[in-house]
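Remarks on the overall topology
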Amino acid sequence: VGVDYRLDAASTVAVSVFSTHAHDFIERLSGLPFENQDSYRFSGAEVTIQTTRIPQLNLRGGYSFLDSVEETATGTQPLQTRPRHRGSLEWIWIPVTGSAVRGAAYYTGTQLYDSRGAVPVQMDVNAYTLVDVGFTQTLARRYNIACDVRNLLDQLYDQCYGLPREGRAAVFTLRARLN
């Protein structure tokens, strides 16, 4: 169930609440081949707020809560690699026509993972925050140059056990429209 609400001409709020019961969910557990899992439940809520109330600045923030469990005959068990809390703040600032400065901060809360070995043990992956920034400049209507830096603070993080993600990365782009 979702509801969008316009606060005023420049601001909106969106709220969604969900609950999904999944049977025969295909997933890979603890290094085994992909196989069907009996019964999972995903429940949660998401809130997004967006505003252009400040001239030349577009702000968007979001938060999501997820409760994910495996349902068994003996009760429920939390699922791995699914963080309960996530948040984001994104912005685009247009200081002058043809220029755009953008950025984002993304927070991912702690999440569980199953250790590898003869007897798997559920453990925590630490929470992390990533920061991205970018700049675009239009040149002569047909050309854009851009610079984007992902993971600006070079945060070391794992999205799940044994899968470290890349550090800081920069991309420079020149785009040309042919029409």
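Residues numbered from 1 in each chain as written. Predicted model: local features only at pLDDT ≥ 70, side-chain atom pairs only at ≥ 80, totals over all residues. Heavy atoms only, no water.

**Thoughts on the layout of surface pockets**
Remark: the empty space left among the atoms is shown by a probe the size of a water molecule rolled over them. In this structure, the largest pocket spans a volume of roughly 410 Å³. Every residue lining the largest pocket is counted, 24 residues in all, and those nearest its centre are Ser 64, Arg 86, Gly 87, Ser 88 and Tyr 107. Of all the secondary structure elements, the ones that give two or more residues to the lining of the largest pocket are β3 (35-51), β4 (57-72), β6 (85-93), β7 (99-108) and β10 (128-139). Ranked by residue count, the leading element in the lining of the largest pocket is β4, at seven residues. (1 Å grid on protein atoms, 1.4 Å probe; cavity = no way out; pocket = protein on both sides within 12 Å on 5 of 7 lines; lining within 4 Å. Points joined across faces, edges and corners; volume = space filled by probe spheres on them. Helix = DSSP H or I, 4+ residues; strand = E, 2+ residues; numbered from the N terminus.)

**Some remarks on the nonpolar core**
By size, the foremost hydrophobic cluster in this structure holds five residues: Ala 22, Tyr 40, Phe 42, Leu 66 and Leu 79. Contacts of Phe 42, omitting those with residues within four sequence positions, involve Phe 18, Ser 19, Thr 20, Ala 22, Phe 25, Leu 66, Asp 67, Ser 68, Leu 79 and Arg 82. (Core = buried A, V, L, I, M, F, W, Y, C linked by side-chain atoms within 4.5 Å. Buried < 20%, exposed > 50% of the residue type's maximum accessible area, 1.4 Å probe, protein only. Contact = heavy atoms within 4.5 Å.)

**Structural notes on the pattern of salt bridges**
If you walk through the whole model with that rule in mind, you get six salt bridges. Linking Arg 41 and Glu 71 is a salt bridge whose minimum nitrogen-to-oxygen distance equals 3.4 Å. One end of the pair, Arg 41, is in strand β3; the other, Glu 71, is in strand β4, with 30 residues separating them in the sequence. On the basis of relative accessible area, Glu 71 is assigned to the partly exposed category, the value being 21%. With a closest N to O distance of 3.0 Å, Arg 84 and Asp 67 form a salt bridge. Here Arg 84 is found in the loop between β5 (75-78) and β6, whereas its partner Asp 67 is found in strand β4, with 17 residues between them in sequence. (Salt bridge = Lys/Arg side-chain N within 4 Å of Asp/Glu carboxyl O.)

**Quick notes on a nonpolar patch on the surface**
Together, Val 1, Val 3, Tyr 5 and Leu 7 give the surface a local cluster of nonpolar side chains, amounting to about 470 Å² of exposed area. Note that Tyr 5 resides in strand β1 (residues 2-8). For Tyr 5, a relative accessible area of 52% translates into the label exposed. (Patch = residues over 30% accessible without salt bridge, like charges linked within 9 Å, V, L, I, M, F, W, Y side chains within 5 Å. Areas by Shrake-Rupley, 256 points an atom, 1.4 Å probe, with all protein chains shown as cover.)

**Quick word on the confidence of the model for the protein**
Looking at the protein, pLDDT values average 88 and 92% of them are 70 or higher. Within the protein, no element has a lower average pLDDT than strand β9 (residues 122-125), which sits at 79, and none a higher one than β6, at 97. (pLDDT = per-residue confidence, 0-100.)

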